[in-house]
Amino acid sequence: MSGKDTSADSGDSTGFGGGGAAVELARAYDVALLDLDGVVYTGARAVPHAVEALTEARKRGMGLAFVTNNAARTPKTVAGHLVELGVPAEPEDVVTSAQAAARVVAERVPAGASVLVVGGEGLEVALLERGLVPVRSADDEPAAVVQGFAPDVDWKVLAEASYAVGRGVFWVASNADLTIPTERGIAPGNGALVGVVRAATGAEPVVAGKPELPLHRETILRTGAKRPLVVGDRLDTDIEGARNAGVDSLLVLTGVTTPEGLLAAEEGRRPTFVAEDLRALLTAPVTATRDGDTWTCGGWSARVADETLTIEGAGSRVDGLRAACAATWAADSPVDTTGVTTRLGFPATALAPGLTPASATPTNP
């Protein structure tokens, strides 16, 4: 972003850029469009403070929509998991990339058309809701192919997709995430499986999920949001998707994005606000201020000189991160940020997938 970037927070939350609100975020935005894994829960466990923060945000009048690139599970299943964690949710509160993909297909093919499914129950249910007929063979003369992740997608399933796509059948992917986190580590995601069909056919799918616009559009249509706030933990899907849609975003540091990765974020992946966790929804953001080449926030000041970022002060580590990001993003050339985040008190960690060191440019996954 330009030198006009600001950062905002009252306590834990941190904002950059012109979305600063005079009241707490839960009152400034009508609907929070919440990513799930890394934001609300991590696997079977709720993220610390998430349940309490979301319950209070809803009490203050903020609508909650749970938006996920996961096309395998149905909204009913996702809502059930949220309820088990203590988050009040109905299936209608959940919006999936499968639903977005089904709408894209329905707008392209005749009502009642057959659609070849590469994926799980979530895709089948979404297609049925649109009056389309899920099939599993290219010999069923499908009018489209829709592909989403499921753990049982194997060579035979990918071959059926390749046969149909190779004949020129319209192809939609629920999302293009290359990896997914599992309890055992990082595993191939739908984007990797899409790559198999791409390699076999030379074709390119229409992508429905984040960061592309169809999922955002689906969410707005279902929620009626007038001033939404995208809340996520990934720069390459959640935040880039918000930027593509022209809406404000909140990045929480409870998921995959590290402070180092945030400092390295390219212009199209910079959030409006940053926070430790979802408690930021209950606070009013403040701004970092600029005096010459120095940015200050809370007890911290940051500046870039000779392409190196330096930071001084004490206090909230997120205040310091806000000032550091503002100074780094305002620079006109690559910035060496080595040691800054450990100076602020963040643990040394590896960058999120798809990011290079802070002095380099992130790569598109």
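So, here is what we can say about the structure in this document. Just so you know, these numbers come straight off a predicted model, no measurement behind them.

Quick look at the overall build of the protein
Moving on, step 1. What the protein contains, in helices and strands, is 12 helices and 20 strands.
Moving on, step 2. Counting all 365 residues of the protein, 53% fall into the buried class.
Moving on, step 3. If you take every contact in the protein between residues at least 6 apart in sequence, the share linking residues at least 24 apart comes to 70%.

Looking at the pattern of salt bridges
Moving on, step 1. Taken as a whole and assessed by the stated rule, the structure comprises 20 salt bridges.
Moving on, step 2. With its nearest N and O atoms 2.8 Å apart, the salt bridge here joins aspartate 238 to lysine 210. Of the two residues, aspartate 238 sits in helix H9 (residues 235-245) while lysine 210 sits in the loop between strand E13 (206-207) and helix H8 (213-223), which places them 28 residues apart along the sequence. You'll find aspartate 238 and lysine 210 in the same group, each marked buried.
Moving on, step 3. Through salt bridges with shared partners, one network takes in Glu24, Arg27, Glu56 and Arg60.

Description of the pairing of strand E14 (residues 228-232)
Moving on, step 1. Across the five residues of E14, five count as buried, placing the element largely inside the fold.
Moving on, step 2. On E14, burial covers both faces: Pro228, Val230 and Gly232 on one face and Leu229 and Val231 on the other are all buried.
Moving on, step 3. Relative to E14, strand E2 (residues 31-34) runs parallel, the two being bridged by four bridges. Paired with leucine 33 across the two strands is valine 230, which belongs to E14.
Moving on, step 4. Sheet topology places E14 next to strand E15 (residues 248-252); four bridges connect them, and they run parallel. Considered in E15, the bridge of leucine 229 is made with aspartate 248.

So, how was this worked out
Throughout this description, residue numbers start from 1 for each chain and increase along the sequence as written. In keeping with the model being predicted, local features are shown solely for residues with a pLDDT of at least 70 and side-chain atom pairs are shown and tallied solely at 80 or more, while totals for entire chains, interfaces and linings include all residues. As a convention, hydrogens and water are excluded, and side-chain values are obtained from all of the structure's heavy atoms. Numbering of helices and strands runs from the N terminus, with a helix taken as a DSSP run of H or I at least four residues long and a strand as a DSSP run of E at least two residues long. Burial status follows relative accessibility: with a 1.4 Å probe on protein chains alone, a residue under 20% of its type maximum counts as buried, one over 50% as exposed, and anything between as partly exposed. Note on contacts: a residue pair qualifies if any of its non-hydrogen atoms lie within 4.5 Å across the two residues. Salt-bridge detection follows one rule: a side-chain nitrogen of Lys or Arg within 4 Å of a carboxyl oxygen of Asp or Glu. For two strands to pair, DSSP has to find at least two bridges joining them.

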